[in-house]
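Residue strings, one per chain:
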Amino acid sequence: MSDLKTVLSEAVAAAFAAEGVDPALARVTPSDRPDLADFQSNGALAAAKALKANPRDLAGKIAERLSADARFASVEVAGPGFINLKLSDALLAERATEVANDAAHAGAATVAEPRQVVIDYGGPNVAKPMHVGHLRSAIIGESLKRLFRFRGDHVTGDAHFGDWGFQMGLLIVACGDEKLADAFMAEGDGPFPVDSPVTLADLDRLYPQAAGKAKEDPVFRDRARKATAELQNGRSGYRALWQHFVAVSREALKREYGDLSVDFDLWNGESDADPQMPEMLAHLKETGLLVEDDGAQVVHVAKPGETRKKKLADGSVIEAPSPPPLLVISSEGSAMYGTTDLATILDRKKALAPDLALYVVDERQAEHFEQVFRAAYLAGYAEQGALEHLGFGTMNGQDGKPFKTRAGGVLKLRDLIDQATDKARERLREAKLGDDLSPEEFEAIAHKVAIAALKFADLSNARTTSYVFDLDRFMSFEGKTGPYLLYQSVRIKSLLRKGAEQGLTPGAIVIAEPAERDLALTLDAFSTAVSDAYDKRMPHLVAEHAYRVAQSFSKFYAACPVLIAPDEATKRSRLALSAAALRQLEIALNLLGIDTPERM
Ligand code: ARG
């Protein structure tokens, strides 16, 4: 059985058709007035207009046909011709049973034709510190990866590690100047030391220094540019040193992402597309797409007439192409950020043949992706529309500027997780939760609460909006927060455990009370929440649903005693409803990348 909206749409469409009305107009939506009805159809209004009939009369005739259907408890015409549908308890019980029995998907439908999907997210850089954009990308990307997989697609998550740009040249030159890596500075083919000459701490120190110096010192900057080009052109010592940078950074990042429950299928870097370069450049030249521009090589991506005003250095204003051309090879001979992105599209086409590639990257890179995607479509590396940039807003501090950690500097994932875990411990103690647990278990729970708070706070906002970092609010056990949802799931788990101790197991679901109806309707709505979140690439729709389940369960639990219900059958029915709610809540949280503890 499909979800109720689909089942009802079919029933109403059949009634429309029987009245000679276009069944496509029979749209059914959840009721605006849940006190009066479960669902409604407003289609008779448009249909009557088309037929030049009286809408109330037409709605009445359709309602009469529907009344004969035992699945409806009542069908009523309201206002100018709305049809209000109230479902029978039996239909709700049937649907709730189905949700309860669907251990894998808890009632959510999967796609008819699975696609090959690549999700490019995270995007951290070697040595360069992470910023909030990387954090949001990891959180949102992980959720989308899980959501697409849950719907049945074949998904590959790729970190697209930033390992090939100018920062590599900066680090090489900085290591050379500090005499940290003399053995790697020699020309020729080595062999070079297999142990890393630098630690993570060295990289953390060297990069900001070198980046600062490059801003002030043009000679240093040119040396770094030259080193970047030499690295990319294959100088062996530089490659060997660079591999150490990459390995040291990647290991640290893997640990931190692991703590966030973020996991990539591929840890490919920008450099992994390098082998595609000769073929790509030859092809772009052959097709006439790659052209010389002031010593550099570019691909023009704006169509004729697509221009915007641009102010030149001398103050004059010209109409410049918009988006600007994609810079493929700089005048120093280096591959640029856009070059590696274009080559990566070609690489993925060969390796994965994706139907769709989603790029979960800061909204501020929108123009970059517009340039890269247009170039890829022109070159035939992807089907028109198969590349999507999913931008997002910023996580801001209380001052309205992009969030910084306690130390005041750029974001350190480790700092952020520690800060959140401190707060989680504090809150758990205040709420007298976890008192009876061993110290190890308490720590594990504090960690889960911390991650749930950070992730839920992020994912409960629409992807495209910015929000303010407010740990006190994120960490509250009340309201729309991660900790509240964990607390609710733990409560249901404990209820089920108590039931089991009393020898009670979930039984046949019977729907009778209003709170049971409401819970059944909420469980039914999961399928739509998941498919809408998938279609719009908006995880907050799943977050909202998780919150609705928790609230609906809470009301149900207050109104309908479970373990002290009047009779055995009712106890077992309510246990089954509770178990279904728990399963759906856990699945929804899992789609957000949030793990629930057993107790707290
Ligand atoms: N490393 C990039 C940055 O720090 C993000 C990478 C995003 N993905 C991509 N395919 N360009 O801005």
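Residues numbered from 1 in each chain as written. Predicted model: local features only at pLDDT ≥ 70, side-chain atom pairs only at ≥ 80, totals over all residues. Heavy atoms only, no water.

1. Quick notes on unusual backbone geometry
Turning to step 1, where the next piece is worked out: The peptide bond linking serine 322 to proline 323 adopts the cis configuration, its omega dihedral lying at -5°.
Turning to step 2, where the next piece is worked out: Within the element layout of this structure, proline 323 appears in the loop between β10 (317–321) and β11 (326–329).
Turning to step 3, where the next piece is worked out: Phi is positive for alanine 106, which is not a glycine, with a value near 50°.
Turning to step 4, where the next piece is worked out: Here the phi dihedral of lysine 432 falls at roughly 55°; this positive angle occurs in a residue that is not glycine.
Turning to step 5, where the next piece is worked out: Note on placement: lysine 432 falls in the loop between α14 (413–430) and α15 (439–459).
Turning to step 6, where the next piece is worked out: Classification of lysine 432 by relative accessible area gives exposed; the value is 63%. (Helix = DSSP H or I, 4+ residues; strand = E, 2+ residues; numbered from the N terminus. Buried < 20%, exposed > 50% of the residue type's maximum accessible area, 1.4 Å probe, protein only.)

2. What to know about the side chain of lysine 493
Turning to step 1, where the next piece is worked out: Structurally, lysine 493 is set in helix α17 (residues 482–501).
Turning to step 2, where the next piece is worked out: Here lysine 493 falls in the buried class, since its relative accessible area comes to 6%.
Turning to step 3, where the next piece is worked out: Residues contacting lysine 493, with those up to four places away along its chain left out, are Leu582, Glu586, Thr596, Pro597 and Glu598. (Contact = heavy atoms within 4.5 Å.)

3. Observations concerning helix α13 (residues 366–379)
Turning to step 1, where the next piece is worked out: Counted at 1.5 Å a residue, the expected span for α13 with its 14 residues is 20 Å, and the 20 Å between its end C-alpha atoms agrees.
Turning to step 2, where the next piece is worked out: α13 sits mainly inside the fold: 10 of its 14 residues count as buried.
Turning to step 3, where the next piece is worked out: When we look at burial in α13, the residues that qualify are His368, Phe369, Gln371, Val372, Phe373, Arg374, Ala375, Ala376, Tyr377 and Ala379.
Turning to step 4, where the next piece is worked out: Buried residues along α13 sit against α11 (277–286), β8 (296–299), β11, α12 (337–352), β12 (356–360) and β13 (387–390).
Turning to step 5, where the next piece is worked out: Taken from the residues just after α13, glycine 380 is the one with a positive phi, measuring 80°. (Expected span 1.5 Å × (residues − 1).)

4. Concerning the site of the ligand
Turning to step 1, where the next piece is worked out: Around the ligand sit Asp120, Gly123, Asn125, His134, His160, Tyr337, Asp341, Tyr359, Val361, Gln365 and Phe369, and that is every residue in its neighbourhood.
Turning to step 2, where the next piece is worked out: Taking asparagine 125, its side chain carries an N or O atom lying 2.7 Å from a nitrogen atom of the ligand.
Turning to step 3, where the next piece is worked out: Tyrosine 337 places a side-chain nitrogen or oxygen 2.8 Å from a nitrogen atom of the ligand.
Turning to step 4, where the next piece is worked out: Alone, the ligand offers 350 Å² of accessible surface; in the complex the protein occludes 90% of this.
Turning to step 5, where the next piece is worked out: A class-by-class count of the residues in the shell around the ligand yields 4 nonpolar, 5 polar and 2 charged. (Near = heavy atom within 4 Å. Polar contact = N/O pair within 3.5 Å; in protein donor to acceptor, adjacent residues only side chain to side chain. Areas by Shrake-Rupley, 256 points an atom, 1.4 Å probe, with all protein chains shown as cover. Nonpolar A, V, L, I, M, F, W, Y, C, P; charged D, E, K, R; others polar.)

5. Thoughts on the UniProt feature "domain: DALR anticodon binding" (unreviewed entry) in the protein
Turning to step 1, where the next piece is worked out: Under the UniProt annotation, "domain: DALR anticodon binding" (unreviewed entry) lies at residues 485–600.
Turning to step 2, where the next piece is worked out: Between the end C-alpha atoms of residues 485–600 the distance is 12 Å, and the span holds 72% helix and 0% strand. (UniProt positions renumbered as here; feature names shortened; annotations may be inferred.)

6. What to know about the packing of aromatic side chains
Turning to step 1, where the next piece is worked out: Within this structure, the stated rule accounts for 19 aromatic pairs.
Turning to step 2, where the next piece is worked out: With a centroid separation of 5.2 Å and an interplanar angle of 85°, the aromatic rings of tyrosine 257 and phenylalanine 264 are classed as edge-to-face.
Turning to step 3, where the next piece is worked out: Residue class for phenylalanine 264 comes out buried when judged on its relative accessible area of 6%.
Turning to step 4, where the next piece is worked out: For the pair phenylalanine 553 and tyrosine 557, a centre-to-centre distance of 5.5 Å together with 20° between the ring planes defines the contact as stacked. Taken together, the residues span about one helical turn, with phenylalanine 553 and tyrosine 557 both in helix α20 (residues 540–559) at a distance of 4 residues.
Turning to step 5, where the next piece is worked out: Cluster of aromatic residues (ring-pair linked, three or more members): Tyr121, Phe161, Tyr257, Phe264 and Trp267.
Turning to step 6, where the next piece is worked out: Against the face of tyrosine 534 rests arginine 151, its NZ or CZ located 4.8 Å from the ring centre. (Phe/Tyr/Trp six-rings, centres within 6.5 Å; stacked < 30°, edge-to-face > 60°. Lys NZ or Arg CZ within 6 Å of the ring centre and 35° of its normal.)

7. Let's talk about the packing of helix α5 (residues 132–150) against α15
Turning to step 1, where the next piece is worked out: Contact geometry for α5 and α15: axes closest at 10 Å, N-to-C directions at 80°. Compared by their axis directions, α5 and α15 come out roughly perpendicular. Seen from α5, the contacting residues are Arg136, Ile139, Ile140 and Ser143; seen from α15, they are Lys455, Asp458 and Leu459.
Turning to step 2, where the next piece is worked out: Per-class residue counts for the contact of α5 with α15 are 3 nonpolar, 1 polar and 3 charged. (Axes fitted to C-alpha atoms, helices over the stretch in contact; angles between N-to-C directions. Parallel < 35°, antiparallel > 145°, perpendicular 65-115°, else oblique.)

8. Quick notes on the sheet that holds strand β7 (residues 290–293)
Turning to step 1, where the next piece is worked out: One open sheet accounts for 3 strands, arranged β7-β8-β11; its pairing is antiparallel. A single partner strand is all that each edge strand has here, and the edge strands are β7 and β11. Neighbour-to-neighbour, the strand axes of this sheet turn through a mean angle of 45°, independent of strand direction.
Turning to step 2, where the next piece is worked out: In this structure, β8 lies alongside β11, joined through 3 bridges in antiparallel fashion. Across the sheet, valine 298 pairs through a bridge with leucine 327, a residue of β11. (Pairing = 2+ DSSP bridges.)

9. Considering the environment of lysine 285
Turning to step 1, where the next piece is worked out: By the element assignment, lysine 285 lies in helix α11.
Turning to step 2, where the next piece is worked out: For the pair formed by lysine 285 and glutamine 297, sequence separation is 12 residues and the distance between their alpha carbons is 9.8 Å.
Turning to step 3, where the next piece is worked out: If sequence neighbours within four positions are ignored, lysine 285 has contacts with Leu290 and Gln297.

10. Concerning the pairing of strand β5 (residues 116–120)
One face of the sheet, then the other: side chains in a regular strand alternate in exactly this way.
Turning to step 1, where the next piece is worked out: In terms of burial, β5 is largely enclosed, as 4 of its 5 residues are buried.
Turning to step 2, where the next piece is worked out: Bridge count between β5 and strand β6 (residues 154–158): 5 bridges; the pairing is parallel. In the sheet register, glutamine 116 faces β6, and the bridge partner there is histidine 154.
Turning to step 3, where the next piece is worked out: For the handedness criterion, the β-α-β arrangement of β5, α5 and β6 is classed as right-handed.
Turning to step 4, where the next piece is worked out: Relative to β12, β5 runs parallel, the two sharing 4 bridges. Each bridged residue has a counterpart across the sheet, and for isoleucine 119 the counterpart in β12 is leucine 358. (Right-handed = clockwise from strand over helix to strand, strands pointing away.)

11. What to know about the sheet that holds strand β4 (residues 82–87)
Turning to step 1, where the next piece is worked out: Pairing is antiparallel across the open sheet formed by 4 strands, whose spatial order is β1-β2-β4-β3. At either end of the open sheet lies a strand with only one pairing partner, and these are β1 (28–30) and β3 (72–78). Strand-to-strand twist across the sheet, computed as the mean angle between neighbouring axes with direction ignored, equals 25°.
Turning to step 2, where the next piece is worked out: Here β3 runs beside β4; their pairing, made up of 6 bridges, is antiparallel. By the bridge assignment, serine 74 is partnered in β4 with lysine 86.
Turning to step 3, where the next piece is worked out: Sitting on the sheet, helix α3 (residues 55–67) touches β3 and β4, and the angle it makes with β3 is about 175°.

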